[in-house]
Amino acid sequence: MRRKLALCAAFLFVPVIGLGPAVGLAQEAKARRAFTPADWYRVTTLSSPAFSPDGKMIAFTVTTVVEKENRRHSEVWIAPVDGGEPYRVTAPGTESSNPRWSPDGKYLFFTSRRPGGEGSTWALRMDRPAGEAMQVEGYPTGSTPRDGRFAIWTSPAEEDRERGEGGGEGQGERRSDPYAKMPPMARPPHGAITKPLDPARFDGRHVVELGYKRNGPGFVPNPAEPRKWRPTQLWMQAFGDTAKKMITNTPYSHRGAVVSPDGRWVAFLADAQLRPDSVVQAEADSLALLPYDPAIHDAPRNDVDIYVISINGGEPRKVAELMGNERSLAWSPDGRRLAFISNGGVRTAQSELYVIDIRGGQPIEVLRDWPYEVSDFEWMSNNEIIFTAAIGGRDAVLRVSAKGGEPREVVSGRRRFFGVSYDKNYRHVAFVASSIDRPTELFIATTDGRNERRLTGFNDALVAEIEFPTAERFTYQSVGGREIEAWLMYPYGYEPGKKYPLVLYIHGGPHSRYGENWFDEFHNIAGAGMWVLFTNPRGSSGYGADFTYSTRGEWGGDDYLDIMKAVDIAAARPDVDSTRMGVTGGSYGGFMTAWITTKTNRFKAAQTDRMISNWWSWYGSSDAQGLTEFEFFGKPWDNPAIYDTLSPIRFAHKVKTPTLIVQSEEDHRTPMTDAEQWFTALKKNGVPVEFVRYPRSNHDLSRTGEPWLLVDRLARLRQWFEYWLKGEGGTTVAASEDAT
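The rules behind the values
Residues numbered from 1 in each chain as written. Predicted model: local features only at pLDDT ≥ 70, side-chain atom pairs only at ≥ 80, totals over all residues. Heavy atoms only, no water. Helix = DSSP H or I, 4+ residues; strand = E, 2+ residues; numbered from the N terminus. Rg over C-alpha atoms; globule rule 2.2 N^0.38 Å. Buried < 20%, exposed > 50% of the residue type's maximum accessible area, 1.4 Å probe, protein only. Phe/Tyr/Trp six-rings, centres within 6.5 Å; stacked < 30°, edge-to-face > 60°. Lys NZ or Arg CZ within 6 Å of the ring centre and 35° of its normal. Core = buried A, V, L, I, M, F, W, Y, C linked by side-chain atoms within 4.5 Å. Contact = heavy atoms within 4.5 Å. Polar contact = N/O pair within 3.5 Å; in protein donor to acceptor, adjacent residues only side chain to side chain. Pairing = 2+ DSSP bridges. Axes fitted to C-alpha atoms, helices over the stretch in contact; angles between N-to-C directions. Salt bridge = Lys/Arg side-chain N within 4 Å of Asp/Glu carboxyl O. Parallel < 35°, antiparallel > 145°, perpendicular 65-115°, else oblique. Nonpolar A, V, L, I, M, F, W, Y, C, P; charged D, E, K, R; others polar.

Q: Outline the overall build of the protein, listing residues and values.
A: Within the protein, the secondary structure is distributed over 15 helices and 39 strands. Relative to a compact globule of 740 residues, whose C-alpha radius of gyration would be 27 Å, the protein shows 28 Å and is just as compact. Overall, the C-alpha framework of the protein stretches about 80 × 70 × 55 Å when taken along its three principal axes. Looking at the protein as a whole, 52% of its 740 residues are labelled buried.

Written as structure tokens, this is what we have:
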């Protein structure tokens, strides 16, 4: 494995971070108080905006926290486009989210679990005075043509319901099943050799296949019967009719189906050779057993191609033989072209936006040399496409010619989006956005980027009461000339002439990103009077595929140097106390936090979340082995050197940094065993260490965990860094004092 350690050249370019907003921050802080962990309960989160077909309303989800009941509560609201007051449309006593409109605007569908119904799809009639939510039996959902006559979707063929019903062999088999009353995980799976001696006396777990545990769902029973293949077929149903028509009946699956605007054709994705699903899976199973071989595992692949079939069925026609796994099909309004996204069959390659003639030929690479990747896109007209993209730590809505060219940002700024929706004629865009100093709200603008308005103010009272400091964005050149983006958030109550402690945050992934959005963890630390430094080192998403996958096989190498270069830049400021710095991160960030403490003692405190300390034990206990099989070039026995040399546990004897370890009992992504090993190693080496284990929590504790536990975690992080970086007195030192 390569290690790049040439630091001198990388440190020649040191940007200067200005002190522009310092005085304003101090004045505002006097009028508003600091954020505390308990304030998290008061934050309102908006998501999933959806324009009504007539363009007059925007439905969206509003999520609050019911602190006394230790739970979140979600409702569907509507904001009138003309600027009237938003109003709630779902009952406050039930959970409702994810609104979406019927093509004619008659119904507003949403997701909810309510007594007296089946499934989770409910609806409100929007063409009548307000009434109770109901379930619309047999209402089709899927892709619709321009006239909205019917919907197309994919689903397996209907199962044979006669077998086992009304007596006969099937029912007899169920009555004679000796394991019917056992817990699902305790039942002998298909293929098991051992059986319980007495089914009533065994309530453990019986496993013969991988995939028996997943983060979130927890333990998942192995199949009790032989694997059955149910390929997804194309289906059609007219609105106003409950009769469904199955258009295809094949041994291979159809995916991503979209109907042409004129309703005559359906485009879909399927295996490039139209092989049965069973054959495709058998090949994948065989490849998974092979030792890592770049000629096999990294070779360009053509697993999926684009097909078109008549709405009446028949033989599908392949549009073109294209390398890669195409996705996100969309017809042009005239029905002559298809747009799609593909990485050309190379996992580490850029995902590009293409347009191809429905008759075939060479696709057009729409964005050409543009360095970023498309998130979602739609045709505005036959000549133009509108799309969203992550541009480093911010998001934008952009437009580009369907013939190819340079995209034009129309909605951007220092913020991130959490849902975007367009009106039917693509004149307006609605979006939920957040900035560093403001939680989510709903906005609207014209698609030329003008006339932007904020439609909601759910967090206005909170923002008026609490100071959410801003952050200075800066970039710098790191190893190999890579430009790295970073931010330094001001401490609450900042006053020029004083030094403040600093906490470095490292994100997870590693293929995720920090950015221009409100984040509770940052404001938790800033609210305690400390700087928060956060970066997107190489390996982060949002900067193009080359940047994202540049750390493959080299975790803890140049990414570590990227992070430490940002620390050097921040530590050089006269208002940063470089003798009182901490470091924290979760998942990949938890690994990197531990890794940093094995390499330097410059941080006075560390906190690891959902960490990895030993890649061997992680591989054997996690639900995500595919991550390191790709990133570390194979299984541990294929490439033991990299699994060994990148395991912080191998270097635990070098750690001196006091460390708080936070881990969730039901985290199957980064299981408890690695935190236990790290705690034991630090304790045996005399390092101050605390270990907090959260019950009923998984890998997403800090995002979607129980509110009481989530806030408890915020408080402990704050306490830990206050103790080690500010001391029990919690005072700052004057900038004139030379702490070094």
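Q: Tell me what's going on with the environment of T673, and back it up with residues and numbers.
A: Relative to the helices and strands, T673 is located in helix α13 (residues 672–684). Through-space distance from the C-alpha of T673 to that of Q362 is 51 Å; in sequence the pair is 311 residues apart.

Q: Describe the packing of aromatic side chains, naming the residues involved and giving the relevant values.
A: Throughout the structure, instances matching the rule amount to 51 aromatic pairs. Here the aromatic rings of F109 and Y139 are separated by 5.0 Å at their centres, their planes lie at 45 degrees, and the arrangement is tilted. You can see F109 sitting in strand β7 (residues 107–111) and its partner Y139 sitting in the loop between β8 (121–125) and β9 (150–156), a full 30 residues away along the chain. Taken as a pair, F109 and Y139 share a single burial class, namely buried. Consider the rings of Y723 and W724, whose centres lie 5.1 Å apart with planes at 80 degrees: the pair is edge-to-face. Residue classification places Y723 among the partly exposed positions, given a relative accessible area of 47%. Of the residues examined, W724 reaches a relative accessible area of 30% and is grouped as partly exposed. An aromatic cluster is defined as three or more aromatic residues linked by ring pairs; in this entry it consists of W555, Y588, F591, W595, W615, W616, W618, Y619, F632, W637, Y643 and F651. The positively charged end of R347 is found above the aromatic ring belonging to F630, 3.7 Å away from the centroid. We note K599 situated over the ring of Y560; from NZ or CZ to the ring centre the distance is 5.3 Å.

Q: How would you summarise the nonpolar core if you had to cite specific residues and measurements?
A: L504, F534 and I596 are the most contacted members of the largest nonpolar core, which totals 70 residues. In terms of residues, this core owes the most to one element, helix α8 (residues 558–571), which gives nine residues. In this structure, L504 is in contact with L533, I563, V567, G582, V583, T584, I596 and F603, ignoring residues within four places of it in sequence. With 19 residues, the next largest nonpolar core counts V355, V374, A396 and L398 among its residues.

Q: Account for the side chain of K726, naming residues and giving values.
A: With respect to the element layout, K726 can be found in helix α15 (residues 707–726). Within polar-contact distance, the side chain of K726 engages the backbone oxygen of A528 at 2.6 Å.

Q: A description of the sheet that holds strand β13 (residues 244–246) should follow, citing residues and the corresponding values.
A: Taken in spatial order, the three strands make up an open sheet running β9-β12-β13, and their pairing is antiparallel. Taken across any chain shown, the strands that pair with only one partner, and hence form the sheet edges, are β9 and β13. The mean angle between the axes of side-by-side strands here comes to 30 degrees, regardless of whether they run parallel or antiparallel.

Q: Tell me what's going on with the pairing of β7, and back it up with residues and numbers.
A: For β7, a buried count of four out of five residues is recorded, marking the element as mostly surrounded by other parts of the structure. Sheet topology note: the strand β6 (residues 97–101)/β7 ladder contains three bridges and is antiparallel. Following the sheet pairing, W101 is matched in β7 by L108. Taken together, β6 and the strand that follows it, β7, pair antiparallel across an intervening segment of five residues, in which G105 is found at a positive phi of about 75 degrees. Relative to β8, β7 is paired through five bridges, and the arrangement is antiparallel. Note on β8: the bridge partner recorded for F109 is A123.

Q: Help me get a handle on the pattern of salt bridges, residues and values and all.
A: All chains considered together, the criterion is met by 52 salt bridges. Here E452 ties to R415 by a salt bridge, and the two come within 2.7 Å at their closest N and O atoms. Taken as a pair, E452 in the loop between β28 (438–446) and β29 (453–454) and R415 in the loop between β25 (408–411) and β26 (416–422) lie far apart in primary sequence, 37 residues in all. Judged by relative accessible area, E452 falls into the partly exposed class, the value being 36%.

Q: Any chance you could break down unusual backbone geometry for me, citing the residues and the numbers?
A: Here the amide bond leading from G509 into P510 is cis, since omega sits at 10 degrees, within 30 degrees of zero. Summarising the element assignment, P510 is placed in the loop between β33 (498–506) and α6 (520–526). A positive phi angle, close to 55 degrees, is found at N70, a residue other than glycine. Structurally, N70 is set in the loop between β3 (57–66) and β4 (71–80). Note on N70: relative accessible area 17%, which makes it buried. Residue N451 is not a glycine yet carries a positive backbone phi of 55 degrees. Mapped onto the fold, N451 is located in the loop between β28 and β29.

Q: Explain the sheet that holds β4 residue by residue, including any values.
A: Strand order in the open sheet made by the four strands is β2-β3-β4-β5, with antiparallel pairing throughout. The open sheet has two edge strands with one neighbour each: β2 (45–51) and β5 (87–88).

Q: Give me the lowdown on the side chain of H699, citing residues and values where you can.
A: If you trace the backbone, H699 turns up in the loop between β38 (689–694) and α14 (701–704). At 2.9 Å, the side chain of H699 and the side chain of D667 are in polar contact. Sequence-distant contacts of H699, defined by excluding residues within four places in its chain, comprise N215, S587, R610, D667, R669 and T670.

Q: Provide a residue-level description of the environment of I193, including the pertinent values.
A: Here I193 lies in the loop between α2 (169–175) and β10 (213–214). Each C-alpha atom of the pair I193 and P501 lies 60 Å from the other, and the pair is 308 residues apart in sequence.

Q: How would you explain the packing of α8 against helix α9 (residues 588–599) if you had to name every residue and give the values?
A: At their nearest, the axes of α8 and α9 sit 11 Å apart, and the two run at 80 degrees to each other. Between α8 and α9, the angle falls in the class roughly perpendicular. Here α8 contributes D559, Y560, I563 and M564 to the contact with α9, which in turn contributes Y588, M592, W595, I596 and K599. Along the lines of polarity and charge, the residues of the contact of α8 with α9 split into seven nonpolar, no polar and two charged.

Q: Now, about the pairing of β4: what can you tell me, with residues and values included?
A: Burial runs high along β4: eight of the ten residues are buried. Pairing analysis gives ten bridges linking β3 to β4, with the strands arranged antiparallel. Residue pairing across strands places V62 opposite E75, the latter belonging to β4. The hairpin turn running from β3 into β4, its antiparallel successor, is four residues long, and N70 in that turn takes a positive phi close to 55 degrees. By the bridge criterion, two bridges tie β4 to β5 in an arrangement that is antiparallel. Its bridge partner being in β5, I78 is matched across the sheet by Y87.

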